[in-house]
Amino acid sequence: MSERTPGDLWERIEPLLLRVERPSRYLGCEWDAPGIAGEGTTVVLAYPDLYEVGISNLGLAILQDVVNDIEGASCERVYSPWFDMEREMRSAGLPLFSLETHRAVSTYDIFGISIPHELTYTNIINLLDLAGISLRADNREEGPLVIGGGCGTANPEPLAPFLDLFVLGEGEEVLDSLVRLVSEGKSRGWDRRKLLSEASRLEGVYQPSDYEVDYRDDGLIERIEPVGGAPERVRKRTVDLNEWLYPRHPIVPFCEAVHDRINVEIFRGCTRGCRFCQAGMICRPVRERSVDAVVGLVDALAVRTGHEEVALSSLSSTDYTMIKAVTEKVSEICEKRRMILSLPSLRMDGFSVELASSLELGGRGSFTFAPETGTERLRRVINKPISEKDIIDAVLCAVRAGRRRIKLYFMIGLPTETDEDVEAIGRLVFGLRDTVRGEGMVPPVFNVSVSTFVPKPHTPFQWVKQENLESIERKQGILRETLRAKGINLSWHDSRMSTVESLLARGDRRLADVIEYAWASGCRFDSWSEHFDYARWEAASEKAGVDPEFYLYREREPDEVFPWEHLDFGPDRDFLYEEYQGALRGETSPDCRGGKCRECGVSEEPGACLVLTGTWSS
Amino acid sequence: MSCPHRYLEFVTVEPLRLRVQFAKRGKARYLSHSEFSRTLMISARRAGLPLQYSGKYRPRMKVSLSPPLPIGVTSECELVDFFLEQYVSPAEAEQALERSLPDGIQVVRCRLMGSDAKPVGKLIDTAAYRVQLPTETGNEGDWKRAVEIFLGMEVVNLERVQPRRTRVVDLRPGVHELEAGIGPDGSGVELFMVLDDGTRGTVKPSEVLRVLADLAGAAEGSWRDALVHREGLFARRGGRLVSPLELGKHRPAV
């Protein structure tokens with residue numbers, strides 16, 4: 001086997017492996033795992049969930065390649081150890097180690113942690129603790145720079161005390177600059193403080209300690225004040241997708257992962273403007289990757305990985321202006337290499353379904369749609385104005401193409417929602433079934449998944465209150481009553497999980513204690529329903545003296561200072577508020593690709609932000 | 001064939017099988033059977049072998065696998081039959097595969113088989129293991145005695161715990177050879193076992209080890225750190241063990 005790097009803990013890790021489920025989670029040495037010399041500037045990137053989830057994350061695959069392309073730098077990986085491995089590691093006194101060289105995470109220069117969503121926060125704390133790194137940034141005198149990135153940075157405030165820095169927006173360029181800066185700092189002998197202060201000046205890097213938060217007596221924020229010359233607001237970064245052609249060496253896991261496929265992004269951002277959707281707001285503007293670049297990546301990765309499936313990914317794949325051209329070319333590669341093509345995030349319209357059917361995407365099994373709500377009125381409120389006819393057409397088309405299972409995503413707890421809207425979900429599903437029957441076809445199985453709406457920062461609904469548990473449970477009862485039939489399977493997310501997600505989503509720095517107490521009382525893997533423990537979160541809030549209702553069930557004042565006020569993800573507050581008011585009036589806003597710029601604030605010049613590869617027709 | 005002219009063209013593309021013997025060592029020994037077989041299959045895709053698939057919408061690679069290897073056991077004989085659509089020279093296939101395998105997995109050898117050959121999954125019934133015992137499990141004499149007692153028993157009952165059910169099985173008929181001796185480096189005791197594995201049932205090396213350790217008076221659980229290595233997989237023909245890579249060797253593959 002390969003020679004050992006100094007500090008390699010393998011000899012202490014190996015004896016634990018036969019005592020845990022799926023030892024391959026901790027091995028490394030997968031296909032295309034990078035060879036690491038262990039010299040120069042060392043980076044370890046973490047995903048705060050199980051290996052099978054983390055290995056499927058596109059962001060980390062991209063960033064690992066980006067760093068490994070920098071001369072004199074190397075990037076390794078670590079994932080959250082499962083319960084059994086954590087027990088073994090703690091009892092053996094073994095610290096968190098990287099998968100490539102099995103060295104202690106605390107010995108690296110940069111410890112980057114992906115923040116995918118709120119229910120991974122306790123896992124993030126656990127990673128720090130297992131690594132033997134002080135939980136609070138204030139207490140760190142040495143050790144790696146602890147940097148957070150990913151979608152969760154839209155409001156990183158509840159995590160602010162635990163991380164040294166956050167990277168806002170897309171990480172490719174910033175991480176590249178950060179790594180080069182750390183290399184420079186190492187050669188010049190900068191201390192940790194100097195390094196942090198230099199790093200915090202990079203565009204897109206947010207150092208929480210650069211901002212002081214003053215609270216009023218009523219608990220609201222008085223102001224968020226930059227100190228030491230920090231800018232008023234930190235703006236997120238975006239990159240040019242045609243310049244950053246990554247990932248180039250995605251690692252092929254031994255085990256079955258969440259997504260076993262090549263993942264190539266066709267564009268970032270989304271212009272539809274669904275008012276509940278955080279990604280659609282914070283990932284603006286839309287930037288399409290050229291057809292040639294997409295095809296080139298697919299071809300190279302097909303040879304390199306051997307995968308049997310390729311996904312062309314984005315927030316709404318059929319919105320890609322050259323979707324027909326790109327799918328035709330990718331299909332050719334698929335035929336040659338015996339791969340199947342999938343297009344996640346399909347819209348519910350005839351064009352999307354016909355395209356998908358013509359490509360026989362993903363075989364003949366299931367087709368997933370997201371009508372989101374039961375009534376057209378409520379779909380106007382959330383600005384996803386799909387008509388009932390669109391939905392019926394899409395389902396009919398899918399059934400004609402031979403789909404035997406239709407998955408439908410809905411949300412409950414949306415602003416202005418009434419019981420009638422909830423009951424309409426049942427009517428819609430039964431209507432779909434009857435229409436299919438009316439056309440002389442056997443209805444497919446409908447898997448109806450209903451989640452609880454959580455208002456998110458930087459969206460038009462950041463002002464609204466979370467619907468309370470009793471009300472959500474009552475609405476779930478309505479669904480249970482109205483959706484009882486053979487061939488219709490109803491499932492929903494645990495609404496208590498949504499409650500914790502909601503608490504943290506719009507939380508401030510005062511919630512850090514809640515997270516730490518929840519972790520200390522044993523919370524891990526909170527997004528896994530079998531491991532989620534609401535009682536521990538309740539106890540943690542109480543211990544921290546935090547009233548969750550203040551964060552959850554309070555309609556925000558129009559001019560209230562939000563905990564994320566100093567973080568600029570593109571859309572202006574005024575734009576978001578207008579959108580919110582439009583929602584309450586039941587008015588829709590047009591897609592910005594249609595030519596009429598809504599001046600959301602992403603670009604100075606109206607409409608100048610879009611990067612399209614072709615002309616758009618809705 | 002009754003109508004040779006009609007089929008003439010097909011002769012060259014008649015389904016072939018590439019029988020590959022892999023070794024699984026080092027970190028790869030911690031892969032489960034499903035992880036290991038997935039890895040071999042995706043490696044074969046990377047190697048660009050002319051693989052055969054079945055099923056239209058979700059194509060499935062056609063392969064036949066040798067019996068599972070327990071996690072933690074190393075092996076120099078893991079067999080896979082890859083069903084091919086076209087001819088590929090075994091030497092070329094070996095090189096291409098070797099380049100496409102992750103660390104810890106190597107190709108030992110390759111051989112083309114005709115389409116009428118029995119696939120490995122239906123062929124193998126016997127496995128040979130070599131086991132290095134940790135020194136604290138006892139000396140050569142203890143183990144030799146244990147082996148003698150074991151071989152003299154008519155019935156060796158053991159409780160086999162499986163996820164769904166637990167039952168008592170008799171290991172004895174599945175144990176064909178058993179020896180204890182000092183290993184080649186002279187350091188510790190080594191066991192050699194030939195056990196049922198595959199189409200006629202399976203006795204795991206750890207099961208034999210558990211019984212022997214008890215007979216040898218080894219400290220509770222001390223045998224668990226033994227290094228188990230699968231040396232070969234065979235088909236029993238009368239009293240002979242035949243290697244699946246030797247079978248039908250005198251018949252041309254194509």
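Nothing here was measured: the structure is a model prediction, and the numbers come from that model. (Residues numbered from 1 in each chain as written. Chains lettered and ligands numbered in written order. Predicted model: local features only at pLDDT ≥ 70, side-chain atom pairs only at ≥ 80, totals over all residues. Heavy atoms only, no water.)

Contacts between the two partners involve 27 residues from chain B, matched on the other side by 33 residues from chain A. Across the chain B/chain A interface, buried area totals approximately 2,700 Å², and carbon plus sulfur atoms make up 58% of it. The interface formed by chain B and chain A holds 4 salt bridges in total. Those elements that provide at least two residues to the side of chain B that touches chain A are α2 (33-46) and α3 (90-100) of chain B. At 6 residues, α2(B) tops the list of elements feeding residues into the side of chain B that touches chain A. Among the residues making up the side of chain B that touches chain A, the classes are represented as 11 nonpolar, 5 polar and 11 charged. (Contact = heavy atoms within 4.5 Å. Buried area = accessible area lost by both parts, 1.4 Å probe. Salt bridge = Lys/Arg side-chain N within 4 Å of Asp/Glu carboxyl O. Helix = DSSP H or I, 4+ residues; strand = E, 2+ residues; numbered from the N terminus. Nonpolar A, V, L, I, M, F, W, Y, C, P; charged D, E, K, R; others polar.)

Residues and elements named next belong to chain B. With domains assigned, chain B is organised as domain 1 (4-123) and domain 2 (126-237). Here domain 1 and domain 2 have C-alpha centroids that lie 30 Å from each other. The interface of domain 1 with domain 2 comprises 15 residues on the first partner and 13 residues on the second. Between domain 1 and domain 2, the buried area comes to about 1,100 Å², and carbon and sulfur atoms account for 57% of it. At the junction of domain 1 with domain 2, the criterion picks out 1 salt bridge. Across the pair Glu-78 and Arg-230 runs a salt bridge, and its minimum N-O distance is 2.7 Å. One can count 8 residue pairs in polar contact (both at pLDDT 80 or more) joining domain 1 with domain 2. For the side of domain 1 that touches domain 2, the elements supplying multiple residues, two or more each, are β5 (74-84) and α4 (120-123). (Domains from an automatic or database assignment. Polar contact = N/O pair within 3.5 Å; in protein donor to acceptor, adjacent residues only side chain to side chain.)

The subject of this paragraph is the nonpolar core. Core analysis: the largest hydrophobic core is formed by 154 residues, its most contacted members being Phe111(A), Phe22(B) and Phe82(B). Top contributing element to this core by residue count: helix α5 (residues 121-131) of chain A, with 7 residues. By size, the runner-up hydrophobic cluster in this structure holds 56 residues, among which are Val294(A), Met348(A), Phe446(A) and Leu483(A). (Core = buried A, V, L, I, M, F, W, Y, C linked by side-chain atoms within 4.5 Å. Buried < 20%, exposed > 50% of the residue type's maximum accessible area, 1.4 Å probe, protein only.)

Residue and element names in this part refer to chain A. There is a patch of like negative charges on the surface, built from Glu-470, Glu-473, Asp-547 and Glu-549. For Glu-549, the position within the fold is in helix α19 (residues 548-552). Overall, Glu-549 belongs to the partly exposed group, its relative accessible area being 48%. (Patch = residues over 30% accessible without salt bridge, like charges linked within 9 Å, V, L, I, M, F, W, Y side chains within 5 Å. Areas by Shrake-Rupley, 256 points an atom, 1.4 Å probe, with all protein chains shown as cover. Lys, Arg positive; Asp, Glu negative; His and termini not counted. Charge placed at Lys NZ, Arg CZ, Asp CG, Glu CD.)

Residue and element names in this part refer to chain A. Taken domain by domain, chain A comprises domain 1 (10-235), domain 2 (259-345 + 588-618) and domain 3 (354-506 + 562-585). Using C-alpha coordinates to define each centre, domain 1 is positioned 34 Å away from domain 3. Each partner contributes to the interface: domain 1 provides 19 residues, whereas domain 3 provides 17 residues. Across the domain 1/domain 3 interface, buried area totals approximately 1,600 Å², and carbon plus sulfur atoms make up 63% of it. Its largest share of buried area at the contact with domain 3, domain 1 owes to Glu-118, Leu-119 and Arg-233, together 34% of the area lost on that side. Our enumeration of links across domain 1 and domain 3 arrives at 3 salt bridges. Here Asp-568 and Arg-233 are joined by a salt bridge, their closest N and O atoms 4.0 Å apart. Taken together, domain 1 and domain 3 are joined by 9 residue pairs in polar contact (both at pLDDT 80 or more). Going through the elements one at a time, β8 (221-226) and β9 (234-235) are the ones with two or more residues in the side of domain 1 that touches domain 3. Per-class residue counts for the side of domain 1 that touches domain 3 are 11 nonpolar, 3 polar and 5 charged.

Right, let's get into the packing of helix α13 (residues 388-400) of chain A against helix α14 (residues 419-438) of chain A. Residue and element names in this part refer to chain A. Packing of α13 against α14 brings their axes to within 10 Å, and their N-to-C directions diverge by 50 degrees. Between α13 and α14, the angle falls in the class oblique. Where α13 crosses over α14, the two elements pack in a sense that is right-handed. Judged by residue contacts, Glu-388, Ile-391, Ile-392, Val-395, Leu-396 and Val-399 of α13 engage Leu-428, Leu-432, Thr-435 and Val-436 from α14. Split into classes, the residues belonging to the contact of α13 with α14 amount to 8 nonpolar, 1 polar and 1 charged. (Axes fitted to C-alpha atoms, helices over the stretch in contact; angles between N-to-C directions. Parallel < 35°, antiparallel > 145°, perpendicular 65-115°, else oblique. Left-handed = near helix turned anticlockwise from the far one by under 90°.)

It is worth spelling out the packing of helix α3 (residues 58-68) of chain A against helix α6 (residues 172-188) of chain A at this point. All names here are of chain A. Direction vectors running N to C along α3 and α6 enclose 35 degrees, while the axes themselves pass 10 Å from each other. As for how α3 packs across α6, the hand of that crossing is right-handed. Residue-level contacts link Ile-62, Leu-63, Val-66 and Val-67 of α3 to Glu-172, Leu-175, Asp-176 and Val-179 of α6. For the contact of α3 with α6, the class distribution of residues is 6 nonpolar, no polar and 2 charged.

On to α14(A), then. Residue and element names in this part refer to chain A. Spanning 20 residues, α14 covers 28 Å between terminal C-alpha atoms, matching the ideal 28 Å at 1.5 Å per step. Those residues of α14 that sit buried are Asp-421, Val-422, Ala-424, Ile-425, Gly-426, Leu-428, Val-429, Leu-432, Arg-433 and Val-436. Positive phi shows up at Gly-440, right after α14, with a value of about 80 degrees. (Expected span 1.5 Å × (residues − 1).)

Residues and elements named next belong to chain A. According to the stated counting rule, one finds 70 salt bridges over all chains in the structure shown. Between Glu-52 and Arg-25 there is a salt bridge whose closest N-O contact spans 3.0 Å. A residue pair is termed long-range when its members are at least 10 positions apart, and Glu-52 in helix α2 (residues 51-54) and Arg-25 in the loop between α1 (10-17) and β1 (41-47) qualify at 27 residues. Summarising the burial analysis for this pair, Glu-52 and Arg-25 share the class buried. In this structure, the salt-bridge partner of Arg-593 is Glu-288, at a minimum N-O distance of 2.9 Å. One end of the pair, Arg-593, is in the segment after α20 (573-584); the other, Glu-288, is in strand β12 (residues 287-288), and 305 residues separate them in sequence. Pair check on accessibility: Arg-593 and Glu-288 agree, each one buried.

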